[in-house]
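# Coordinates in review
So the chains spell out like this:
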Amino acid sequence: MRLFEILLALSCFALLVDLLLIKRSAKKTGLGVGIGSSVILVAHLLVEGYRWQLLLVYIMTALFIIIVLLRHSEKMVNLKIGKVLKYSLSSLIVILLLASTLLSVYLPVFDLPKPEGPEKVGTQTFHFTDQNRDEILTEDQSDKRELMVQVWYPTENINNKKRDTLFPNNKEMFKTYIQSFSSSLKLPEFVLDYWKYSHSNSYENVEILSSTTPYPVVLLSHGMGTSRVLQASQAENLASHGFIVVTIDHTYSTFATLFPDGRVTGYTTKMTTIDDRREIGNIWTKDVEFVIDQIENLNSGAIDSQFKGKIDVDNIGAMGHSFGGATAFNATYLDHRIKAGINMDGSLYEVENRDDINKPFMFIRSGSFEDWLAHFENDRNSDDEINKFLSDELHIIKNVIQNRGSAIYVKGTEHFNFTDLQFYSELIKLTGITGDINGKRGTSIVNQYVLDFFNKQLKGKGGNLIEGPNTLYPEVKIIDPEEL
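The text that follows walks through the structure, step by step, so that each part is easy to find.

Reading the values: the criteria
Residues numbered from 1 in each chain as written. Predicted model: local features only at pLDDT ≥ 70, side-chain atom pairs only at ≥ 80, totals over all residues. Heavy atoms only, no water. Helix = DSSP H or I, 4+ residues; strand = E, 2+ residues; numbered from the N terminus. Buried < 20%, exposed > 50% of the residue type's maximum accessible area, 1.4 Å probe, protein only. Contact = heavy atoms within 4.5 Å. Areas by Shrake-Rupley, 256 points an atom, 1.4 Å probe, with all protein chains shown as cover. Lys, Arg positive; Asp, Glu negative; His and termini not counted. Charge placed at Lys NZ, Arg CZ, Asp CG, Glu CD. Pairing = 2+ DSSP bridges. Right-handed = clockwise from strand over helix to strand, strands pointing away. Core = buried A, V, L, I, M, F, W, Y, C linked by side-chain atoms within 4.5 Å. Phe/Tyr/Trp six-rings, centres within 6.5 Å; stacked < 30°, edge-to-face > 60°. Lys NZ or Arg CZ within 6 Å of the ring centre and 35° of its normal. 1 Å grid on protein atoms, 1.4 Å probe; cavity = no way out; pocket = protein on both sides within 12 Å on 5 of 7 lines; lining within 4 Å. Points joined across faces, edges and corners; volume = space filled by probe spheres on them. Axes fitted to C-alpha atoms, helices over the stretch in contact; angles between N-to-C directions. Patch = residues over 30% accessible without salt bridge, like charges linked within 9 Å, V, L, I, M, F, W, Y side chains within 5 Å. Salt bridge = Lys/Arg side-chain N within 4 Å of Asp/Glu carboxyl O.

A tally of helices and strands in the protein chain yields eleven helices and twelve strands. For the protein chain, the spread of C-alpha atoms along the three principal axes comes to 90 × 55 × 50 Å. Classification of the 484 residues of the protein chain by burial places 53% in the buried group. Within the protein chain, contacts between residues at least 6 apart in sequence are counted, and of these 74% link residues at least 24 apart. As displayed, the protein chain offers around 22800 Å² of accessible surface, 55% of which is attributable to carbon and sulfur atoms. For the protein chain, the separation between the mean place of its 48 positive charges and that of its 59 negative charges on side chains is 13 Å.

Here it is in structure tokens:
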């Protein structure tokens, strides 16, 4: 809960105590509690803003303020009600207030964890259209492939701008965006309205930090059906350590993608077979290749921007979560411009002719990998198509480990611990899509290993964490290739 929310909840309970326990003759106490609560309520609404989780607190606070102030007035009639009714109503009110307060605790206005690097982080968004590719995920044959791409980079923020909101701060754009999210989640639109208060740690459209050498770049792809928004803290952390990070919204495979003209596309991708996965994977891989083209244009000045000469196009990495992680692997294998890559808990969609990858690559798996491997071992010799596919994937991971790469899993994590979804609500854990590990702890561990890997492969320094077990991170287990 935010500061004034905490004070408001406390003041509401103080008003109730005044009504129940303080004598009517204690005028100064009553007036002080009433006026103080009024100030806190107004301050909360003006500074922090209304949110529906506290609706009952608002109603009760306003009602109690009126009753308390009138109660200590000379003209107020002293009403008598029975003790049973009095304490029954009081108990009901306390329960309702606690329910409203708990809603605000478990559906909080969250901010992303602060980046661990020394630099502040700037961000800028681009709209790119690939005129050489038809959009096959729409019915209009004239459509071309459009992408929204967000760039994160080191900055000094010399203009002292305020931190950017995590979601669009334009009211109409935010409303359209949330409509798409709520529709996908099958929730009423108002339920997600409070997301407008959440902030990133970045500053929009500020100048990039000057440097004597260009910055290496990492492309970051989200998971199927999510959004680049859910990978923001990872992008910020890498940028704070001197990388340029480019996050891609893979259009029609996100909860929502917002374009500058106000259009919002939702999730329309259909995947029911392995061939479907390959087809969509091919689209995403070409998205990554096209965005690298645009990065080169930004660096050369072919696209007018502040990034001219600031990007080290000889040191490009790729990473992603889930389907985006599989895309990072596929793009790293196919595109000679990508020097190294990371797959965060993503099952591959292409395994044929992929076991000879000769670039540094890293697989980071969730804590369920150990159980999954034990379960798979019982069916390894099955002729089932999926089992054969998984067997080929394990063979690829083994080859990666033996060829300058590495593979780890993080105990206590589940699939969505590799996204920012874990910060949205503690209730997410109840669904099982995040593990028992503390969200910030899990994120810090993953960030450290990602940073260590890219520092070594793109900057030529570090690399200590990926060499073996580390006592600072006992949750991390190195995958033995002999066990695959």
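Most of strand 5 (residues 244-249) sits inside the fold, with six of its six residues counted as buried. For strand 2 (residues 144-155) and strand 5, the ladder comprises five bridges, and the chain directions are antiparallel. Bridge pairing in strand 5 links valine 151 to valine 246. In the sheet, strand 4 (residues 215-221) pairs with strand 5 via five bridges, with the strands oriented parallel. Note on strand 5: the bridge partner recorded for leucine 219 is valine 246. For the crossover from strand 4 across helix 6 (residues 232-240) to strand 5, the handedness is right-handed.

Core analysis: the biggest nonpolar cluster contains 58 residues, and Trp195 and Phe454 have the highest contact counts within it. Elements that contribute at least two residues to this core include exactly helix 5 (171-185), strand 4, helix 6, strand 9 (338-344), strand 10 (361-366), strand 11 (406-410) and helix 11 (439-459). When residues in this core are grouped by element, the largest group, eight residues, is from helix 11. Among residues more than four places away in sequence, those in contact with phenylalanine 454 are Val218, Leu238, Phe243, Gly317, Ala318, Met319, Ala340, Gly341, Ile342 and Lys459. If you look at the next biggest cluster of nonpolar residues, it comprises 29 residues, including Phe126, Phe128, Tyr203 and Leu219.

Let us now look at the packing of aromatic side chains. Aromatic ring pairs are described here by two measures, namely the spacing of the ring centres and the angle between the planes. Applying the stated criterion across every chain yields a total of 23 aromatic pairs. The aromatic ring of phenylalanine 259 is capped on one face by arginine 263, whose charged end is 4.6 Å from the ring centroid. Just above the ring of phenylalanine 243 sits the side chain of lysine 459; from NZ or CZ to the centre is 4.4 Å.

Here we come to the layout of surface pockets. Take a probe with the size of a water molecule and roll it over the atoms, and the empty space left behind shows itself. Within this model, the second largest pocket holds a volume of roughly 540 Å³. Listing elements by their share of the lining of the second largest pocket, those giving two or more residues are strand 1 (120-134), strand 2 and helix 5. Here the lining of the second largest pocket takes three residues from strand 2, the largest share from any one element.

To continue, consider helix 6. Across the nine residues that make up helix 6, a large majority, nine, are buried. Listing the buried residues of helix 6 in full gives Ala232, Ser233, Gln234, Ala235, Glu236, Asn237, Leu238, Ala239 and Ser240. Note on helix 6: the residue one or two positions beyond its end, glycine 242, has a positive phi of about 95°.

Here the focus is unusual backbone geometry. For aspartate 345, which is not a glycine, the phi torsion comes out positive at approximately 55°. Examined against the element boundaries, aspartate 345 turns out to sit in the loop between strand 9 and strand 10. Phi at arginine 404 is positive, roughly 70°, even though this residue is not glycine. Inspection of the secondary structure assignment puts arginine 404 in the loop between helix 10 (385-402) and strand 11.

Within strand 10, six of the six residues are buried, which leaves the element mostly enclosed by the surrounding structure. Across the two faces of strand 10 the burial is the same, with Phe361, Phe363 and Arg365 and Met362, Ile364 and Ser366 all buried. Bridge analysis of strand 9 against strand 10 gives four bridges, and the strand direction is parallel. The partner of isoleucine 342 across the bridge, within strand 10, is methionine 362.

Right, let's talk about the sheet that holds strand 5 for a bit. Pairing within the open sheet is mixed, and its ten strands lie in the order 3-1-2-5-4-8-9-10-11-12. Two strands bound the open sheet, and with one partner strand each, they are strand 3 (202-204) and strand 12 (476-478). The average undirected angle you get between the axes of adjacent strands in this sheet is 25°. As paired strands, strand 11 and strand 12 are joined by three bridges and run antiparallel to one another. Directly across from tyrosine 409, in strand 12, lies its bridge partner lysine 477. Most of the contacts of helix 7 (residues 274-300) go to strand 1, to which it runs at about 115°, and overall it touches strand 1, strand 2, strand 4, strand 5, strand 8 (311-321) and strand 9. Docked against the sheet, helix 11 engages strand 4, strand 8, strand 9, strand 10, strand 11 and strand 12, running at close to 165° with respect to strand 9.

Moving on, we get to the side chain of serine 37. For serine 37, the location among the structural elements is in helix 2 (residues 27-48). For serine 37, a relative accessible area of 2% corresponds to the buried category. Excluding residues that lie within four positions of it along the chain, serine 37 makes contacts with Ser11, Leu15 and Ile65.

Let's shift gears to the side chain of threonine 285. Along the chain, threonine 285 turns up in helix 7. Ignoring sequence-local partners within four residues, the contact set of threonine 285 consists of Thr327, Asn330, Ala331, Leu334 and Tyr349.

So, on to a negative patch on the surface. A cluster of acidic residues, Glu370, Asp371, Asp480, Glu482 and Glu483, forms a negative patch on the protein surface. Residue position: glutamate 483 is located in the segment after strand 12. Take glutamate 483: its relative accessible area is 52%, and that puts it in the exposed class.

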